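# Working through the structure, step by step
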Amino acid sequence: MTNWKELDRNARDWIMEAGKKIRDSFQDELNIKTKSNRNDLVTNMDEATERYFIEKIRSTYKHHHIMGEEGFGDELSELSGVTWIIDPIDGTMNFVHQQRNFAISIGVYDGKQGVLGYIYDVVHDELYHAEKGRGAYMNDQKLPVLNEVAVEGSVIALNAQWMTTNKRIDPEILAPLVQKVRGTRSYGSAAIEMAYIASGRLDAYISMRLAPWDFAAGKILIEEVGGVVTDLEGNELNPLNKSSLFVGKPGLHGKILNNYLKN
């Protein structure tokens, strides 16, 4: 039987300690490597932070599973029991170049059901957290349920690369939407962008291909405040698989999906 209150306390303590370690590292020289391409970066701090979480989880919860971006967790073909889905630094390019606009992102799942979600904006010391059925919070201040917004009045997060020729989507599909909305933003971190929707700073977010550790925590947060999280075709996300991602406030999600993305 999982003691979720204890797990929540531990997770928050570990996240805050990991965040301090990251802030303390700002004066140190980073060891930067590339993964799939020159823009897919990983640093020694990404790896050290993931190892830190794994050590804490393994020593406290021996039967829990771990899925981590940097590959130090388990090889999972299914979700059963309690699984921690971890992105130690979401927005590594921002971490390297700006030392801001990055986050620790952790989703804790029971089977395929998200139970606890955490996104920690390390530089601004903002911890977004949620427990299924109990609402979402930012630094213990409860976040209000999201209000509907018209397409014309919305600000959406969208990377400019999807508006140029690419392998994922015809930019002509997105052009009418970009022309219609009030504005677009790109923060370079799926976790930050999803946290901003949960807190009302953004209204929608579109990305073509993300991994489970990019959206596992944000999905829990956003659904607790009434937002909608799907792929670009409106399908439920599988927390084991990479996927496109479309997140929106209630009402807005359906309008954009039906009037723009499905056209």
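Heads up: the structure comes first, above all this text.
Notes on the structure in this doc start here. (Residues numbered from 1 in each chain as written. Predicted model: local features only at pLDDT ≥ 70, side-chain atom pairs only at ≥ 80, totals over all residues. Heavy atoms only, no water.)

## Side note on unusual backbone geometry
One non-glycine residue with positive phi stands out, namely Asn101, at about 60 degrees. Its identity is not glycine, yet Asp125 carries a phi of approximately 55 degrees, on the positive side. Positionally, Asp125 belongs in the loop between β6 (113–121) and β7 (126–131). (Helix = DSSP H or I, 4+ residues; strand = E, 2+ residues; numbered from the N terminus.)

## Thoughts on helix α2 (residues 44–60)
Compared with the 24 Å implied by 1.5 Å per residue over 17 residues, the 24 Å span of α2 between its first and last C-alpha is a close match. For α2, the set of buried residues is Met45, Asp46, Thr49, Glu50, Tyr52, Phe53, Ile54 and Ile57. For α2, the N-terminal cap is Thr43; the gap from its side-chain oxygen to the backbone nitrogen of Met45 is 3.1 Å. (Expected span 1.5 Å × (residues − 1). Buried < 20%, exposed > 50% of the residue type's maximum accessible area, 1.4 Å probe, protein only. Polar contact = N/O pair within 3.5 Å; in protein donor to acceptor, adjacent residues only side chain to side chain.)

## Notes on the pairing of strand β12 (residues 204–210)
Where burial is concerned, most of β12 is hidden: 6 out of the 7 residues are buried. In this sheet, β12 lies alongside strand β10 (residues 155–158) in parallel orientation, the contact comprising 3 bridges. Counted as the bridge partner of Ile156 is Ala204 from β12. (Pairing = 2+ DSSP bridges.)

## Concerning the sheet that holds strand β11 (residues 183–185)
Judged by pairing direction, the sheet is mixed, and its 5 strands sit side by side in the order β11-β10-β12-β14-β13 without closing on themselves. Strands at the two margins of the open sheet, each flanked by one partner only, are β11 and β13 (228–230). With direction set aside, neighbouring strand axes in the sheet form an average angle of 20 degrees. Both β13 and strand β14 (residues 243–248) contribute to a ladder of 3 bridges, which runs antiparallel. (Axes fitted to C-alpha atoms, helices over the stretch in contact; angles between N-to-C directions.)

## So, the nonpolar core
Among the nonpolar cores identified, the biggest contains 37 residues, and Ile119, Met194, Tyr205, Leu245 and Val247 are the most heavily contacted of them. Of all the secondary-structure elements, those providing two or more residues to this core are β5 (103–110), β7, β10, α5 (190–198), β12, α6 (212–224) and β14. Those residues in contact with Met194 that sit more than four places away from it in its chain are Tyr205, Asp214, Phe215, Gly218, Lys219, Ile222, Val229, Leu245 and Val247. In terms of nonpolar packing, the next biggest core, distinct from the first, is built from 30 residues, Leu7, Ala18, Phe95 and Val115 among them. (Core = buried A, V, L, I, M, F, W, Y, C linked by side-chain atoms within 4.5 Å. Contact = heavy atoms within 4.5 Å.)

## Observations regarding the side chain of His129
Examined against the element boundaries, His129 turns out to sit in strand β7. With a relative accessible area of 6%, His129 lands in the buried category. In terms of polar contacts, His129 uses its side chain to reach the side chain of Asp140, at 3.4 Å. Here His129 is in contact with Arg12, Gly117, Tyr118, Gly135, Ala136, Tyr137, Asn139, Asp140 and Leu221, once residues within four sequence places are set aside.

## Some details on a positive patch on the surface
Among the surface-exposed residues, Lys167, Arg168, Arg209 and Lys242 lie close enough to one another that they form a single positively charged patch. Position of Lys167 relative to the elements: it lies in the loop between β10 and α4 (171–180). Look at Lys167 and you get exposed, because its relative accessible area is 86%. (Patch = residues over 30% accessible without salt bridge, like charges linked within 9 Å, V, L, I, M, F, W, Y side chains within 5 Å. Areas by Shrake-Rupley, 256 points an atom, 1.4 Å probe, with all protein chains shown as cover. Salt bridge = Lys/Arg side-chain N within 4 Å of Asp/Glu carboxyl O. Lys, Arg positive; Asp, Glu negative; His and termini not counted. Charge placed at Lys NZ, Arg CZ, Asp CG, Glu CD.)

## Some details on the pattern of salt bridges
A complete count under the given rule lists 10 salt bridges for this structure. One salt bridge in this structure joins Lys219 and Glu223, with 3.0 Å as the shortest N-O distance. Taken as a pair, Lys219 and Glu223 lie in helix α6 at a separation of 4 residues, close to a single helical turn. Here Glu223 falls in the partly exposed class, since its relative accessible area comes to 34%. Connected via shared salt-bridge partners are Asp8, Arg12 and Asp140.

Nothing here speaks to function; it is geometry throughout.
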